[in-house]
Amino acid sequence: QVQLVESGGGLVQPGGSLRLSCEASGSIFSLNNMGWYRQAPGKERELAATISSSGHTIYANSVKGRFTISRDNAKNTVSLQMNSLKPEDTAVYYCNLWSPGATYWGKGTLVTVSS
């Protein structure tokens, strides 16, 4: 079993920055993707960004150029640096870990972008 614990959410003004972090623990297969999904009120959960164990990244078009995902394989952590935040980035952000045959989710951390 794998546990994912997120941190770093909060309230920020438009144009501001936040950094989300997620630490994975448990039986982690070395080949995996880690990432961040988000779910805004009344909307479906969507991909924000993901990074493979080899460092390949994928970003949603809506966050390209503003968000940067990174990971530390030795520490089993993934981070999401979010800059130039917009009100439409307001959502619960969920950490995700995919490995062959299994997908795990964190409990989520709320990001609110508002003046």
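Residues numbered from 1 in each chain as written. Predicted model: local features only at pLDDT ≥ 70, side-chain atom pairs only at ≥ 80, totals over all residues. Heavy atoms only, no water.

Peer 1: Any chance you could explain the overall build of the protein chain here in plain terms?
Peer 2: On a plain count of helices and strands, the protein chain comes out with 0 helices and 11 strands. Secondary structure of the protein chain in N-to-C order comes out as β-β-β-β-β-β-β-β-β-β-β. Its C-alpha atoms put the protein chain at 40 × 25 × 20 Å along the principal axes. Buried residues in the protein chain amount to 40% of all 115 residues. Of the contacts made within the protein chain by residues no fewer than 6 positions apart, 52% connect residues no fewer than 24 positions apart. Accessible surface, the protein chain: about 6100 Å² in total, of which carbon and sulfur atoms supply 49%. The distance from the centre of the 10 positive side-chain charges to the centre of the 7 negative ones in the protein chain is 3 Å. (Helix = DSSP H or I, 4+ residues; strand = E, 2+ residues; numbered from the N terminus. Buried < 20%, exposed > 50% of the residue type's maximum accessible area, 1.4 Å probe, protein only. Contact = heavy atoms within 4.5 Å. Areas by Shrake-Rupley, 256 points an atom, 1.4 Å probe, with all protein chains shown as cover. Lys, Arg positive; Asp, Glu negative; His and termini not counted. Charge placed at Lys NZ, Arg CZ, Asp CG, Glu CD.)

Peer 1: How should I be thinking about the sheet that holds strand β1 (residues 2-7) in this particular structure?
Peer 2: The strand order across the open sheet formed by 4 strands is β1-β3-β8-β7, and the pairing between neighbours is antiparallel. Edge positions in the sheet fall to β1 and β7 (67-72), since each has one partner strand and no second. Within the sheet, the average angular offset between the axes of one strand and its neighbour, ignoring direction, is 15°. Bridge analysis of β7 against strand β8 (residues 77-82) gives 6 bridges, and the strand direction is antiparallel. In the strand pairing of β8, Phe67 is matched with Met82. (Pairing = 2+ DSSP bridges. Axes fitted to C-alpha atoms, helices over the stretch in contact; angles between N-to-C directions.)

Peer 1: In this structure, what is going on with the pattern of salt bridges? I would like to understand it.
Peer 2: Pairing is possible between side chains of opposite charge, provided their charged atoms come close. In this structure the tally under the stated criterion is 3 salt bridges. Linking Glu46 and Arg38 is a salt bridge whose minimum nitrogen-to-oxygen distance equals 2.9 Å. Using a relative accessible area of 37% as the deciding quantity, one classes Glu46 as partly exposed. Arg38 sits in the buried class, given a relative accessible area of 5%. When the shortest N-O distance is used, the salt bridge between Asp89 and Arg38 registers 2.9 Å. Residue Asp89 is located in the loop between β8 and β9 (91-99), and its partner Arg38 is located in strand β4 (residues 33-39); the two are separated by 51 residues in the primary sequence. (Salt bridge = Lys/Arg side-chain N within 4 Å of Asp/Glu carboxyl O.)

Peer 1: I tried to follow the state of the cysteines on my own but got confused; where do I start?
Peer 2: Note on terminology: a disulfide is the covalent bond linking the sulfur atoms of two cysteines. A full pass over the atoms with the stated rule returns 1 disulfide. Each sulfur in the disulfide pair Cys22 and Cys95 lies 2.1 Å from the other. Here the S-S torsion is close to -85°, and the disulfide linking Cys22 with Cys95 is therefore left-handed. Residue Cys22 is found in strand β3 (residues 18-26), and its partner Cys95 is found in strand β9; the two are separated by 73 residues along the sequence. Taken as a pair, Cys22 and Cys95 share a single burial class, namely buried. (Disulfide = S-S within 2.5 Å.)

Peer 1: Any chance you could explain the nonpolar core here in plain terms?
Peer 2: Where a protein is soluble and globular, its nonpolar side chains tend to be buried together. Among the nonpolar cores identified, the biggest contains 29 residues, and Leu4, Trp36, Val78, Leu80, Met82 and Tyr93 are the most heavily contacted of them. With residues up to four places along the chain from it excluded, the contact list for Tyr93 reads Glu6, Leu20, Trp36, Tyr37, Arg38, Phe67, Leu80, Met82, Gly108, Thr109 and Val111. (Core = buried A, V, L, I, M, F, W, Y, C linked by side-chain atoms within 4.5 Å.)

Peer 1: Mind showing me how you'd approach the environment of Gly108 here?
Peer 2: Mapped onto the secondary structure, Gly108 falls in the loop between β10 (102-105) and β11 (109-113). Note: C-alpha distance between Gly108 and Val92 (16 residues apart in sequence) is 5.8 Å. With sequence-adjacent residues up to four places away left out, Gly108 is seen in contact with Glu6, Val92, Tyr93 and Tyr94.

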